[in-house]
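# What the coordinates show
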Amino acid sequence: MKAFPPPEKGQVRYVIHLPEQPDESSFRVELIVGQTVQIDEANQYFFGGQIEAESIEGWGFTRYVVSELGPMAGTLMAVDPDAPKVDRFISLAGGPYLIRYNSRLPVVVYVPDGVDVRYRIWRADPEAIKAEAG
């Protein structure tokens, strides 16, 4: 972790340690950055912003940075004003953000305070399916 600087003021550093896999080229990691907010259930929402991959000078390792969570936007379906609000995790627009799977290095993500990082492991089917010419 020496290569990864501490978070700047107003940021949080998340560190993800991936388990070793027999064929890591068949895996990807999806980074999901967002925030839990109280909102209606009917509309689809997302935050502006982006994940930027930065190389750490002198080390060559990659860190992922979200400098700010942009404004929240969403669909405009009419909702009963008396309908209860629910807690929902709202993520950045434009996903999925997939990165290479590498269990030898941690995945390090810097985000603003109050923002959460989640991740999902994607696995490729070991059998490739032949496409038909047409």
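Here's what I pulled together on the structure shown here. Since the structure is predicted, the reported quantities are computational estimates derived from the model, not experimental observations.

The rules we used
- By convention here, each chain's residues receive numbers from 1 onward along its written sequence.
- For this predicted model, a pLDDT threshold of at least 70 governs which residues receive local features, and a threshold of 80 or more governs which side-chain atom pairs are given and counted, while totals over whole chains, interfaces and linings are taken from all residues.
- To get the side-chain values, all heavy atoms of the structure are used, and hydrogens and water are removed first.
- For helices the rule is a DSSP run of H or I covering at least 4 residues; for strands it is a run of E covering at least 2, with both sets numbered from the N terminus onward.
- The buried label goes to any residue with under 20% of its type's maximum accessible area, the exposed label to any with over 50%, and the partly exposed label to all in between, with areas taken from a 1.4 Å probe on protein chains only.
- Note on definitions: a residue-residue contact is assigned when non-hydrogen atoms from the two residues lie within 4.5 Å.
- Computed with the Shrake-Rupley method and a 1.4 Å probe, the accessible areas treat only the protein chains shown as cover for residues.
- Just so you know, the count uses Lys and Arg for positive and Asp and Glu for negative, and it drops His and the chain ends.
- Note on charges: their place is set at NZ of Lys, CZ of Arg, CG of Asp or CD of Glu.
- Only one rule defines a salt bridge in this text: a Lys or Arg side-chain nitrogen within 4 Å of an Asp or Glu carboxyl oxygen.
- Stacked, edge-to-face and tilted are the three classes for Phe, Tyr and Trp ring pairs, Trp counted by its six-membered ring, which pair at centre distances within 6.5 Å; planes under 30 degrees apart are stacked, over 60 edge-to-face, the rest tilted.
- Charges are assigned to positions over rings by a cutoff of 6 Å between ring centre and Lys NZ or Arg CZ, combined with an angular limit of 35 degrees from the ring normal.

## So, the overall build of the protein
Assigned secondary structure in the protein consists of zero helices and ten strands. Mapped from its N terminus to its C terminus, the protein presents α and β elements in the order β-β-β-β-β-β-β-β-β-β. Seen through its C-alpha atoms, the protein measures out along the principal axes to roughly 55 × 50 × 25 Å. Residues classed as buried in the protein amount to 32% of the 134 residues present. The contacts of the protein with a sequence gap of at least 6 include a subset with a gap of at least 24, amounting to 82%. By element, 51% of the accessible surface of the protein is carried by carbon and sulfur atoms, the whole surface being about 9200 Å². With 13 positive and 19 negative side-chain charges, the protein shows a spacing of 6 Å between the two charge centroids.

## Points about the pattern of salt bridges
Considering all chains together, one arrives at three salt bridges under this definition. For the salt bridge of R104 with E24, the shortest nitrogen-to-oxygen distance reads 3.8 Å. Remark: E24 occurs in the loop between β1 (11-16) and β2 (27-39) and R104 occurs in the loop between β8 (97-100) and β9 (107-112); sequence separation between them is 80 residues. Put simply, E30 and R120 hold a salt bridge, and the shortest N to O gap is 2.7 Å. Placement of the pair is E30 in strand β2 and R120 in strand β10 (residues 116-123), with a sequence separation of 90 residues.

## Topic: the packing of aromatic side chains
Within the structure shown, the criterion is met by four aromatic pairs. Where F4 meets F61, the ring centres are 6.1 Å apart and the plane angle is 20 degrees; that geometry is what we call stacked. Here F61 lies in the loop between β4 (52-55) and β5 (62-65) and F4 lies in the segment before β1, a separation of 57 residues in the sequence. The class for F4 is buried, based on a relative accessible area of 5%. On the basis of relative accessibility, which here comes to 23%, the residue F61 falls in the partly exposed class. Each ring, one from F27 and one from Y101, has its centre 5.3 Å from the other, and the planes form 50 degrees; the classification is tilted. One end of the pair, F27, is in strand β2; the other, Y101, is in the loop between β8 and β9, and 74 residues separate them in sequence. Each member of the pair, F27 as well as Y101, carries the same accessibility label: buried. Ring pairs connect the aromatic residues F4, W59 and F61, which therefore count as one cluster. Just above the ring of Y110 sits the side chain of R63; from NZ or CZ to the centre is 4.6 Å.

Read these as spatial facts, not as claims about activity.
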